[in-house]
Amino acid sequence: MKNYIKADEWNIIEEGFDPHLNKISESIFSLGNGRMGQRANFEETYTGETLLGNYVAGVYYPDKTRVGWWKNGYPEYFAKVLNAANWVGIGVKIDDEVLDLATAAVSDFKRVLNMHEGYLERTFTAKLKSGKTVKVKATRFCSIADDEVGAIRYSITPLNFEGTLTLTPFIDGDVKNQDSNYDEKFWDQVTDQISGAEAYIQLRTKKTEFEVCTGSHIQVYQNGQPLAIDTTEVRKEKFVGQTFAVAVKTNEEVTLIKIAANLSSENYPKDALLKETQSVIASAVAKGFDTLLQEQAAAWATKWEESDIVIEGDVAAQQAIRFNIFQLFQTYTGKDDRLNIGPKGFTGEKYGGSTYWDTEAYCVPFYLATAPQEVSKNLLVYRHKQLDKAIENAAKLGFKDGAALYPMVTMNGEECHNEWEITFEEIHRNGAIAFAIYNYIRYTGDESYLADYGLEVLISIARFWKQRVNWSNEKQQYVMLGVTGPNEYENNVNNNWYTNLLATWCMKYATEAAEIVQKQQPEKYNSLVKSLSFDQKEFADWADIIEKMYYPEDKAQGIFLQQDGYLDKEQILVKDLPASERPINQKWSWDRILRSCFIKQADVLQGLYFFEEDYDLETIRRNFDFYEPRTVHESSLSPCVHSILAAKLNDEARAYEFYLRTARLDLDDYNNDTEDGLHITSMAGTWMSVVEGFAGMRVRNGKLQFNPFLPGKWKSFSFTIGFRGATLKINIAENGINIKNNSTVGLEIGIRNQFYQLDGNAEIEVNNAALV
Ligand code: BGC
C-alpha cells in the first residue's frame with residue numbers, strides 16, 4: 001500500500017519524483033478516450049524503469065500461447081491489446097546533453113491529472129550533469145470530443161544558460177508488448193511519410209493485418225511567438241520524426257505543440273488511411289491546441305453532468321470516486337458496438353485488454369445510469385454480434401443445435417483463455433451475459449431489445465445450459481458437474497450453487513422473453529423461431545430442468561453450499577490466517593489453495609446479489625455471515641458485492657469498510673500491482689457500492705427506489721442518474737434524502753417503502769424522521 005497521491009477533489013496529484021513509483025504513476029495518470037489510450041510515459045527520453053504503453057481499441061494480436069500440456073478444445077492463441085505506435089515522444093537535447101529524468105537532478109516535480117477537464121500536466125526542473133538547468137511544463141490529452149486526436153504542449157525554459165536546444169518529436173512504431181510470449185514484435189511497417197511539420201507512419205499487425213496510421217504535426221513557439229524552424233527528417237525502421245535546433249536564452253520559453261492522430265483500418269479502407277489521417281490532422285491543427293483543449297473540457301463537462309458523485313466531508317473519498325468514474329469513461333465511451341472494456345483498459349497489458357464477464361456483471365450497471373442508453377446497449381450488442389462465435393465455441397466443446405457458450409476472455413468472440421479450468425469450466429459467464437440483458441431492460445424499459453437482439457442470445461444460452469446439465473439417477477434431480485464458479489480458488493467442482501442457479505434462471509428468462517416477443521412482435525418471433533430452428537418442445541425441456549434442478553444447501557445452518565462437499569473442507573476463517581501468508585495466491589501453492597475453504601471472491605454471494613428479490617433478508621444474512629469470513633477478496637471484483645450486501649443488511653460499518661477496499665485500490669496501490677495497470681472493471685464496482693450500496697438504489701417494477709444511509713465519515717453525498725428519460729440528482733445528507741428532477745419527465749420514486757410522484761423539474765425531500 002502506498003500513500004503518495006495528494007488528496008484533492010478534482011485532481012490526482014503527485015509531488016516530487018520517485019523513480020520507484022514511476023510505473024505506478026504511469027498507470028494512475030493514464031489517458032484515454034475510448035478509442036485510444038496510453039500510460040503516462042514521459043515525452044522526453046527516460047532510461048529509468050518504465051512500461052511504455054500506447055493502445056488502440058479493437059486492434060489486437062493473437063499471440064501464440066505457452067501452454068505446456070495441450071488439451072483438445074484449447075484456444076490456439078491469447079489475444080492481446082497491442083502496444084501501438086508511441087506518438088508522445090519528444091527527444092530533448094540541451095547542447096550535447098540528453099534530457100533524461102533518470103540521470104538529471106529533478107526538483108519541483110509535479111504530475112496532475114485534471115479530471116474535470118481531462119488532461120495531464122507535468123512540471124519539473126531538471127539540472128543536467130553540466131549544471132545547466134531547465135524548467136519543463138508538459139500538457140497532454142486524448143480528445144474525447146474527437147477520439148482520433150491527441151495533443152501535447154511541451155514547454156522548456158532554460159534557467160541558467162544560453163545555448164542550443166535540439167528537439168526531436170517522433171512517432172515510434174518499433175514497440176513491443178512486455179507480455180509478448182515469444183519476444184516477438186507484432187507490427188510491420190506499411191508506409192511512412194515525413195514532410196515539413198508532419199510525420200506519418202502506417203503499420204500493420206502480423207497475422208490479424210490490422211493497419212493503424214499514426215500522424216503528427218508540430219508547431220514551435222518562442223516566448224509565445226511562432227518560430228520558423230528548419231527541420232531534418234529522422235527515419236528509422238518503424239520510426240519517423242523531425243529534428244531541429246533552437247537557439248535559446250535564459251528564461252526564454254520554447255514551446256512545441258504536437259498534435260497527433262491515430263486511425264485504424266477498423267474504420268477506414270487501408271489504402272485511404274494515410275490520406276484520412278492527414279485530413280484529421282489538418283482539421284485538428286486548424287483548430288489549434290487551445291481549442292482542442294476547450295473542446296475536451298466541454299466534452300468532459302457533459303460527462304460529469306451525467307455521472308458525477310459529490311462527497312462532502314471526505315476529500316480522499318471524493319477524489320477516489322471521481323478517479324474511478326473518470327477512468328471508466330476514458331476506457332469506454334460506448335460509441336462503437338465492436339469495442340468493449342478490458343479489465344485494465346488502456347493502462348497496461350495484463351489481461352490482454354480483452355472482454356471478460358466483468359463487463360456484464362459490473363460495468364453495465366454503471367453505464368446504464370451514467371451515460372445515454374446507447375452506451376450500455378452497445379455493450380450488449382457487442383455480444384449479440386459475437387453470437388455465431390459463441391455457438392462455434394460451444395460446438396468445439398461438443399455442444400450442438402445452436403447452443404452458445406460465450407468465451408471467458410475474448411477480443412473477437414473467440415475464446416482465448418488458456419487454463420482449462422477457466423476456459424471449459426468457468427461457464428457462469430454465460431449467465432452474466434443473459435443477466436445483463438435482463439438488467440438493461442429492467443433499467444431502461446426497452447423491451448424492443450429482446451426482439452431485435454436479446455432473445456436470440458437468450459435462447460442460444462438456454463440451449464447451452466440444457467445440454468450442460470445432466471440427470472442424476474441417484475438424486476432424481478438435474479446436476480451440473482465439473483465447473484468453476486466465480487471463486488476461482490476451486491476448480492472442477494460439482495453443483496456450484498451460483499452456476500446451477502444462473503442456469504435455471506437463464507432458461508426461465510429465455511422463456512419469459514420468448515413470450516414477450518411472441519406477444520409484442522409475432523412476425524419477428526416467427527422468423528426468429530425459424531432462423532434458430534427453435535422447437536417449442538425446448539420450452540418443456542427447460543421447464544423440466546427448472547423444476548428439478550438440484551441446489552446444494554446446508555439445511556442445518558440455513559445456507560446454500562458453494563458446491564457439493566464444501567463443508568468437508570477444513571473450516572478456517574480468514575481472520576485466523578497469519579498476515580505473512582496473505583495474499584494466499586502469492587504465498588501458497590495452488591494445490592493448497594484448491595484444498596482450502598478460502599474463497600477468492602463473491603460466489604454464493606454473487607448469486608444473492610443478482611437475485612436478492614428472491615431471498616428474504618435473514619437468508620441473505622446467514623449466507624453473508626458464513627461466506628464473508630472465508631473470503632480473501634483476492635479479486636478486486638469482490639469487495640463491492642460485499643459492500644452492497646452489507647448495506648442491504650443494514651451493516652453500515654461493514655458496507656463502508658468494503659467500499660474503502662475498492663475505492664482507492666489503485667490510487668493507494670493496495671494490492672501492489674497498480675504498476676501493471678488500473679483495475680478498470682472493478683472501478684464500476686466502486687460506483688455500485690456508493691449508488692446501490694449506500695444509496696440503496698434499485699429498479700423494481702419499472703420504478704426507481706432508494707434505501708439510503710450516510711456513511712459516518714461523510715457530511716453528504718449526491719449523484720446524478722439518468723433513468724428512462726429523466727435526469728435525477730439525488731442528495732443524501734444527515735437529515736434525509738432530496739431528489740431533484742432536472743428533466744421534464746415525471747416519474748414515481750420509492751424511498752424506503754413509500755412511493756412519491758416526482759413531476760418534471762420538481763423536487764422531493766424526505767426527512768429521516770419520515771423514513772421507516
Ligand atoms: C477474477 C475474474 C475476473 C478477472 C478479470 C480474475 O482475477 O477472478 O472474476 O473476470 O480477474 O478481472
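Residues numbered from 1 in each chain as written. Predicted model: local features only at pLDDT ≥ 70, side-chain atom pairs only at ≥ 80, totals over all residues. Heavy atoms only, no water.

The protein chain carries the name Maltose phosphorylase in an unreviewed UniProt entry, which gives Pedobacter soli as its organism. As stated in UniProt under Sequence similarities (unreviewed entry), the record for the protein chain gives "Belongs to the glycosyl hydrolase 65 family." (UniProt positions renumbered as here; feature names shortened; annotations may be inferred.)

Before going further, it helps to spend a moment on the site of the ligand. For the ligand, the full set of nearby residues is Pro343, Tyr351, Tyr356, Trp357, Asp358, Glu488, Lys600, Gln601, Ser635 and Leu637. One of the side-chain N or O atoms of Lys600 is found 2.8 Å from an oxygen atom in the ligand. In the model, an oxygen atom of the ligand is placed 2.5 Å from a nitrogen or oxygen of the Gln601 side chain. Within the complex, the protein chains bury 92% of what would otherwise be the 310 Å² of accessible surface of the ligand. Grouping the amino acids of the shell around the ligand by side-chain chemistry returns five nonpolar, two polar and three charged. (Near = heavy atom within 4 Å. Polar contact = N/O pair within 3.5 Å; in protein donor to acceptor, adjacent residues only side chain to side chain. Areas by Shrake-Rupley, 256 points an atom, 1.4 Å probe, with all protein chains shown as cover. Nonpolar A, V, L, I, M, F, W, Y, C, P; charged D, E, K, R; others polar.)

Turning next to the sheet that holds strand β29 (residues 716–723). The five strands are arranged β22-β29-β30-β31-β34 in an open sheet whose pairing can be described as antiparallel. The sheet terminates laterally at β22 (309–312) and β34 (763–767), the two strands that pair on one side only. With strand direction ignored, the average angle separating the axes of adjacent strands in the sheet is 15 degrees. The sheet contact formed by β29 and strand β30 (residues 726–733) spans eight bridges and is antiparallel. Paired with Phe717 across the two strands is Ile732, which belongs to β30. (Pairing = 2+ DSSP bridges. Helix = DSSP H or I, 4+ residues; strand = E, 2+ residues; numbered from the N terminus. Axes fitted to C-alpha atoms, helices over the stretch in contact; angles between N-to-C directions.)

This brings us to the packing of aromatic side chains. Enumeration according to the criterion identifies 62 aromatic pairs in this entry. Where Phe464 meets Trp465, the ring centres are 5.2 Å apart and the plane angle is 70 degrees; that geometry is what we call edge-to-face. As far as the burial class goes, Phe464 and Trp465 line up, both buried. With a centroid separation of 5.8 Å and 40 degrees between ring planes, the pair formed by Tyr609 and Phe610 is classed as tilted. Residue classification places Tyr609 among the buried positions, given a relative accessible area of 11%. Its relative accessible area of 4% is what places Phe610 among the buried residues. Ring pairing ties together the aromatic residues Phe435, Tyr438, Tyr498, Trp505, Tyr509, Tyr609, Phe610 and Phe611, which thus form one cluster. Geometry around Phe29 places Arg111 over its ring, the cationic atom sitting 5.4 Å from the centre. One Lys or Arg, Arg592, reaches over the ring of Trp588 and ends 3.9 Å from the middle of that ring. (Phe/Tyr/Trp six-rings, centres within 6.5 Å; stacked < 30°, edge-to-face > 60°. Buried < 20%, exposed > 50% of the residue type's maximum accessible area, 1.4 Å probe, protein only. Lys NZ or Arg CZ within 6 Å of the ring centre and 35° of its normal.)

Let us now look at the confidence of the model for the protein chain. Across the protein chain, the average pLDDT comes to 96, with 100% of residues at 70 or higher. For the protein chain, strand β7 (residues 77–81) is the element with the lowest average pLDDT, namely 89, and strand β24 (residues 477–479) is the one with the highest, namely 99. (pLDDT = per-residue confidence, 0-100.)

The peptide bond linking Arg582 to Pro583 adopts the cis configuration, its omega dihedral lying at -5 degrees. The backbone phi angle of Gln476 is positive, close to 55 degrees, even though this residue is not glycine. Inspection of the secondary structure assignment puts Gln476 in the loop between β23 (470–472) and β24. Take Gln476: its relative accessible area is 47%, and that puts it in the partly exposed class.

Empty space within the second largest pocket amounts to approximately 470 Å³. Glu612, Lys648, Gly696, Arg698 and Asn707 are, among the 22 residues lining the second largest pocket, the residues nearest its centre. Those elements that provide at least two residues to the lining of the second largest pocket are α17 (638–648), α19 (680–694), β27 (698–700) and β28 (703–706). In terms of residue count, α17 provides more of the lining of the second largest pocket than any other element does, three residues in total. Its residues assigned to classes, the lining of the second largest pocket comprises eight nonpolar, six polar and eight charged. (1 Å grid on protein atoms, 1.4 Å probe; cavity = no way out; pocket = protein on both sides within 12 Å on 5 of 7 lines; lining within 4 Å. Points joined across faces, edges and corners; volume = space filled by probe spheres on them.)

Here the focus is empty space enclosed by the protein. Inspection of the entire model under this criterion finds nine cavities of 30 Å³ or more. Here the largest cavity is characterised by a volume of approximately 260 Å³. Lining the largest cavity are 16 residues, with Asn439, Arg442, Tyr609, Glu692 and Met697 sitting closest to its centre. If you list the elements that add at least two residues to the lining of the largest cavity, you get α4 (358–370), α8 (428–444), α15 (604–610), α19 and β27. Ranked by the residues each element gives to the lining of the largest cavity, the list is headed by α8, at four residues. Residue classes in the lining of the largest cavity are distributed as 10 nonpolar, one polar and five charged.

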